[in-house]
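# Fold and contact review
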Amino acid sequence: MFREAMLVMRKDLLIERRSLASTAHVIPFALVMLVLFAFALDPDRATLDKAAPGLFWIAVLLSALMAIQRSFAIESGGSAFEFLKMSGLGPTAVFLGKAAALGVQLLVLECILLAGVVVLYNVDVSAAVDMIPVCLLTTAGIAAVGTIYGSFSGAISAREALLPLMFLPVIAPVLLAATRASEAAIGIGLDYGVWVQVLAVFAVVYLAAGSVAFGPLMEDA
Amino acid sequence: MILAVNLRSAICVINDYPVLVDADLAVGEGELVAVGGSNGAGKTTLLRVIAGLTSLRSGSCEVFGLDVGANARILRRRFTYLGHTPSLYDELTLLENVQLAAQCLGKSVESAEPALARVGLHSRESRVPAKQASSGQRRRASLAVMLVRDSALWLLDEPLAGLDSEGKSLVVDLVEEARSQARTVILTTHEDLFSGIVDKEVEVRNGIVEQAVLRVS
């Protein structure tokens, strides 16, 4: 299964590298969002400092929506999803491979956005180490849910409109935990360990749910 | 005779429209079956049902003695379905697509280049991204995918579509070769190029499958 998942991940990342969809669309979109948040809250620096973790994760989540849509758009072009269905690969391996590829893209995005937050919102750089587990676990949760709903929405004609409606409510607890953990990491919140554990639980639950549910979803897509 | 495909009393409904009506089809291992019928008659649906890509409202479909719905993943490692539209990743080259198909089944990537050469796509053409390839080249690449998969059952939906006369001869050669290797081939076609070599002709009319045995294997 690991070999098959790696195959799917490498395929998705190679396609992403060739198409440069993230570089051309998702990253600029995320950076523009950060700048707009900064403009909106700039008169009140104290509010901006406090809101920085939440704004960071909102920017990640909204950008993730674009990345998820892209991840499944590459499967629908030229009926390529049929290639995957007929390939003989296990659905769990396909799920884990696609989630891993999405996760890698999101981690790259988060690194760029973190740099943006440090520059625009004047956040303490020394928090970077504590942000690593937060980013890894939150990314795992977002990638798992995104892959589940991405495949699900692939079967629906109005997927661009429906994906956010399905994805955002489910991911809201992760957003909350990620924001609290990030606040604690930069010293404006408490209970860093507790929130990191909450993120770990969500990541495990969503990855397990996706591993089980992806087979039927893939068949219907 | 051992059956490769056994479709019994199959009813398939898509968007409230009955596409297959009480369809029966028995195909023995090593048989070559041509499915004809007018556009929209249900030929593609028949193949997709056998491939497990379209589910039945009632009836059953067994491939190599296993129910398709319950054993789709196992069975898909044993057959190749070539659809109307070649299933390729646009951003990958034709070579990479064929290599990926080989890797998915745990086969060596080395098998891709000979397969592409066999279908007339040599080194330079095979390194073209699928999105830049012509429809004929894409069709040839999907034939190469079929070759590297080395399956016991081929399901070919209009395999001659989009091919020039040389490409059509190639498909006929591949199908004849498959028959000599005791592979089972079920193909849909509007052309007569296979008429001399098929074991059985099947006509689909408004979802009803009518069969005529041409040759006793």
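Refer to the preceding data block for the structure.
Report on the accompanying structure. (Residues numbered from 1 in each chain as written. Chains lettered and ligands numbered in written order. Predicted model: local features only at pLDDT ≥ 70, side-chain atom pairs only at ≥ 80, totals over all residues. Heavy atoms only, no water.)

### With respect to helix H7 (residues 165-180) of chain B
Residue and element names in this part refer to chain B. The first and last C-alpha atoms of H7 sit 23 Å apart over 16 residues, in line with the 22 Å expected at 1.5 Å per residue. Taken residue by residue, H7 has Gly167, Leu170, Val171, Val172, Leu174, Val175 and Ala178 as its buried positions. Against strand S3 (32-36), helix H4 (112-118), helix H6 (135-149), strand S7 (153-157) and strand S8 (184-188) lie the buried residues of H7. In the stretch just after H7, Ala182 is the one whose phi turns positive, near 65°. (Helix = DSSP H or I, 4+ residues; strand = E, 2+ residues; numbered from the N terminus. Expected span 1.5 Å × (residues − 1). Buried < 20%, exposed > 50% of the residue type's maximum accessible area, 1.4 Å probe, protein only. Contact = heavy atoms within 4.5 Å.)

### Considering the pairing of strand S9 (residues 200-205) of chain B
Residues and elements named next belong to chain B. Where burial is concerned, the two faces of S9 differ: the one with Lys200, Val202 and Val204 is buried and the one with Glu201, Glu203 and Arg205 is not. Examined bridge by bridge, S3 and S9 share four bridges and lie parallel to one another. Paired with Gly36 across the bridge in S9 is Glu203. (Pairing = 2+ DSSP bridges.)

### What to know about helix H3 (residues 94-104) of chain B
Residues and elements named next belong to chain B. Counted residue by residue, H3 has nine buried out of 11 residues, so it is predominantly covered. Among the residues of H3, those classed as buried are Leu94, Leu95, Glu96, Asn97, Val98, Leu100, Ala101, Ala102 and Cys104. Directly beyond the C-terminal end of H3, a positive phi value near 75° is found at Gly106.

### Description of unusual backbone geometry
Residue and element names in this part refer to chain B. Positive phi, normally seen in glycine, also occurs at Asn15, with a value near 50°. Residue Asp150 is not a glycine yet carries a positive backbone phi of 55°. Considering the arrangement of structural elements, one finds Asp150 in the loop between H6 and S7.

### Details of the packing of H3 of chain B against H6 of chain B
Residue and element names in this part refer to chain B. For the pair H3 and H6, interaxial distance at closest approach is 9 Å and the crossing angle is 25°. Relative to H6, the element H3 lies roughly parallel. Between H3 and H6 lies a crossing of right-handed hand. Residue-level inspection shows Leu94, Asn97, Val98, Ala101 and Ala102 of H3 in contact with H6, the latter providing Gln137, Ala141, Ala144, Val145 and Val148. Of the residues assigned to the contact of H3 with H6, the class counts are eight nonpolar, two polar and no charged. (Axes fitted to C-alpha atoms, helices over the stretch in contact; angles between N-to-C directions. Parallel < 35°, antiparallel > 145°, perpendicular 65-115°, else oblique. Left-handed = near helix turned anticlockwise from the far one by under 90°. Nonpolar A, V, L, I, M, F, W, Y, C, P; charged D, E, K, R; others polar.)

### Description of the interface of chain B and chain A
The interface of chain B with chain A comprises 28 residues on the first partner and 27 residues on the second. When the two sides are added together, the surface that chain B and chain A hide from each other amounts to roughly 2300 Å², 57% of it contributed by carbon and sulfur. By the criterion of area lost to chain A, the three top residues of chain B are Arg76, Tyr89 and Glu91 of chain B, representing 30% of everything that side buries. Our count for the contact surface shared by chain B and chain A stands at three salt bridges. Note that Arg77 of chain B is salt-bridged to Glu4 of chain A, the shortest N-O span being 3.8 Å. Counting the contacts that link chain B with chain A gives eight residue pairs in polar contact (both at pLDDT 80 or more). Residue contributions to the side of chain B that touches chain A peak at six residues, all from H3 of chain B. (Buried area = accessible area lost by both parts, 1.4 Å probe. Salt bridge = Lys/Arg side-chain N within 4 Å of Asp/Glu carboxyl O. Polar contact = N/O pair within 3.5 Å; in protein donor to acceptor, adjacent residues only side chain to side chain.)

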